[in-house]
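# Per-entry structural report
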Amino acid sequence: MSPFSLDSIETPAALVDVERMEANLQKAAAYTRTHGLRWRPHTKTHKVPELAVRQLEAGAAGVTVATPREAEVMGAVAEDVLLAYSPVGASKLKRLMALSRRVRLSVGLDSREVLAGLAEAAREVGRTTGVLVELDLGMRRVGVQTPEEAVALAREAAELQGVEYQGVMFYPGHIRMPLAEQGPALVEVSRRLGAFLDALGAAGLKPGIVSGGSTPTLWRSHEVVGMNEIRPGITPFFDRASAWMGACGWEEVAYSVLATVVSTSVAGQAVIDAGSKALAKEELPVGGYGALVDRPEVVVHSLSEEHGLLDLSRTSWRPRVGDRVRVVPNHVCVSVNLQDELWAVRGGQVTGRWEVMGRGRGPV
């Protein structure tokens, strides 16, 4: 694609600053190499196979997905795919078993029911699927609750035909405070993880893979004793929440939504054409639903479906109707999920376009 001006794109439109994204990938790769961690990034953030390729080229050992559709899309470009979500239902299992045989598929699960269904589906097509037993280390969402439960499920996975016990996984999603305040929570995660690992080791079921991590805790992942793989998702792009928590600097955020000022009639605010259907309506403790890339003091203080209201009370800038702005959303994953495409930008010029292929169920 020949470069062209941003002015020719109809708004709202999702933009990716390619230089920032590439720097973010290299930084994550360098961190994992330094600390001996396997990097299997979660692709639910971008849902774009071309971006998964860039992660793999930067040093990722494989990819993580959340849905059969994402597995299909990423399985076209990656040979190692972890479904970090229990597949319940015959149709989902059928789609997973239909993945190319060159794909090494593994699945995270926390119940005998899902394990039995997965093993049966794999046996029927003559393939073997890896299994990671999911642990609850404080998130209180999914995961076995005790070391004894982990041992029982791991033992069953090790004995069943059609599956291969590979290790354990967890998600420390409850740790969402600023980076500098995460120490005690990470110590507690290490303590809980240690109890599980000790029990599994004593039972002759020492996990080869101990998979965890998140973007908020990314740069302190090496402090979790026993973990050898991380699955951060937001790292290529980052977002306002990442910057607030200290996972990145504002100048490292690579994703934004291009919007046009459509009204300045109400004093003290400007209205843009990016509402909840472009930015998503997810809150942060600091308030608002996004902030401008070049004026972070200007916050999107209110959203309706097609309107975003910019708070101008902390700036002398007064936009005019027709001006264009770039908004960093609070949470990039839910914003990308609303887009049909992402526009690659370098130096203010559009250099490419990526289809967001991993959304929805896809073909059935």
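To be clear, the structure that these remarks concern was listed above.
A short tour of the structure in this document, coming up. (Residues numbered from 1 in each chain as written. Predicted model: local features only at pLDDT ≥ 70, side-chain atom pairs only at ≥ 80, totals over all residues. Heavy atoms only, no water.)

### Quick look at the overall build of the protein chain
When helices and strands are tallied, the protein chain shows ten helices and 18 strands. The C-alpha extent of the protein chain, read off along each of the three principal axes, is 70 × 45 × 35 Å. Taken over 364 residues, the protein chain has a buried fraction of 55%. Sequence-distant contacts in the protein chain: of pairs separated by 6 or more residues, those separated by 24 or more amount to 68%. Accessible surface, the protein chain as shown: approximately 15,400 Å² in total, 50% of it carbon and sulfur. (Helix = DSSP H or I, 4+ residues; strand = E, 2+ residues; numbered from the N terminus. Buried < 20%, exposed > 50% of the residue type's maximum accessible area, 1.4 Å probe, protein only. Contact = heavy atoms within 4.5 Å. Areas by Shrake-Rupley, 256 points an atom, 1.4 Å probe, with all protein chains shown as cover.)

### Let's talk about helix H7 (residues 183–202)
For H7, spanning 20 residues, the distance from its first C-alpha to its last is 28 Å, which sits close to the expected 28 Å at 1.5 Å a residue. Every buried residue belonging to H7 is among Gly 183, Ala 185, Leu 186, Val 189, Ser 190, Leu 193, Phe 196, Leu 197 and Leu 200, and all of these are buried. The buried residues of H7 occupy one face: seen down the axis, they fall within an arc of 145 degrees. Across from the buried face of H7, at angles greater than 90 degrees, the exposed residues are Pro 184, Val 187, Arg 191, Asp 198 and Ala 202. Those residues of H7 that are buried lie in contact with helix H6 (147–159), strand S8 (163–169) and strand S9 (209–212). (Expected span 1.5 Å × (residues − 1). Arc of directions from axis to C-beta.)

### Notes on the environment of His 307
As for its placement among the helices and strands, His 307 is situated in the loop between strand S14 (299–303) and strand S15 (308–311). Distance from His 307 to Ala 270, taken between C-alpha atoms, is 10.0 Å for residues 37 residues apart in sequence. In contact with His 307, not counting residues within four places along its chain, are Val 271, Ile 272, Ala 274, Gly 275 and Ser 302.

### Considerations on the packing of aromatic side chains
Summed over all chains, the structure comprises three aromatic pairs. Pairing Phe 4 with Trp 343 gives two aromatic rings, centres 6.2 Å apart and planes at 85 degrees, and the pair type is edge-to-face. With Phe 4 in strand S1 (residues 4–5) and Trp 343 in strand S17 (residues 341–346), this pair connects stretches of sequence that are 339 residues apart. Overall, Phe 4 belongs to the partly exposed group, its relative accessible area being 26%. (Phe/Tyr/Trp six-rings, centres within 6.5 Å; stacked < 30°, edge-to-face > 60°.)

### Some words on the sheet that holds strand S5 (residues 80–83)
Neighbouring strands of a sheet are bound in pairs by backbone hydrogen bonds; such pairs are parallel or else antiparallel. What the eight strands build is an open sheet, ordered S3-S10-S9-S8-S7-S6-S5-S4; its pairing is parallel. This sheet does not close on itself; its edge strands, each paired only once, are strand S3 (38–39) and strand S4 (63–65). As judged from the three bridges shared by S4 and S5, these two strands associate in the parallel manner. By the bridge assignment, Thr 64 is partnered in S5 with Leu 82. (Pairing = 2+ DSSP bridges.)

### Overview of the pairing of S14
Sheet analysis places S14 next to S15, joined by four bridges and oriented antiparallel. Paired with Leu 303 across the two strands is Gly 308, which belongs to S15. Remark: four residues form the turn of the hairpin made by S14 and S15, two consecutive strands paired antiparallel.

### Side note on the state of the cysteines
For the structure on display, the rule yields zero disulfides. With no disulfide of its own, Cys 248 has Cys 333 as its nearest cysteine by sulfur position, at a separation of 13 Å. (Disulfide = S-S within 2.5 Å.)

### What to know about the packing of helix H3 (residues 68–75) against helix H4 (residues 90–97)
Relative to each other, H3 and H4 sit at 10 degrees, their axes nearing to 9 Å. Considered as vectors, H3 and H4 are oriented roughly parallel to each other. Seen from H3, the contacting residues are Pro 68, Arg 69, Ala 71 and Glu 72; seen from H4, they are Lys 92, Arg 95 and Leu 96. Among the residues forming the contact of H3 with H4, the class breakdown is three nonpolar, no polar and four charged. (Axes fitted to C-alpha atoms, helices over the stretch in contact; angles between N-to-C directions. Parallel < 35°, antiparallel > 145°, perpendicular 65-115°, else oblique. Nonpolar A, V, L, I, M, F, W, Y, C, P; charged D, E, K, R; others polar.)

### As for the environment of Ala 13
Positionally, Ala 13 belongs in strand S2 (residues 13–17). Separated by 265 residues in the primary sequence, Ala 13 and Ala 278 have C-alpha atoms spaced 7.9 Å apart. Setting aside chain neighbours within four positions, we find Ala 13 in contact with Ser 256, Val 257, Leu 258 and Trp 343.

### Considerations on unusual backbone geometry
Backbone phi values are negative for most residues with the exception of glycine, while trans is the configuration of most peptide bonds. A cis geometry characterises the amide bond from Thr 11 onward to Pro 12, with omega recorded as 0 degrees. Note on placement: Pro 12 falls in the loop between S1 and S2.

### A few points about the pattern of salt bridges
Pairing between side chains becomes possible if they bear opposite charge and their charged atoms approach one another. What the rule picks out here adds up to 24 salt bridges. Among the charged side chains, a salt-bridge network with shared partners connects Arg 38, Arg 40, Glu 79, Asp 80, Arg 104 and Glu 229. (Salt bridge = Lys/Arg side-chain N within 4 Å of Asp/Glu carboxyl O.)

### Brief notes about the pairing of S8
Successive residues of a regular strand alternate their side chains across the two faces of the sheet. The buried fraction of S8 amounts to five of the seven residues, a majority that puts the element mostly inside the structure. Pairing geometry for strand S7 (residues 129–134) and S8, over six bridges, is parallel. The residue of S8 that forms the bridge with Val 133 is Val 168. A crossover links S7 with its parallel partner S8, the connecting element being H6, and its sense is right-handed. Handedness of the crossover is the feature at issue here: the chain leaves S8, passes through H7, returns alongside S9, and the resulting connection is right-handed. (Right-handed = clockwise from strand over helix to strand, strands pointing away.)

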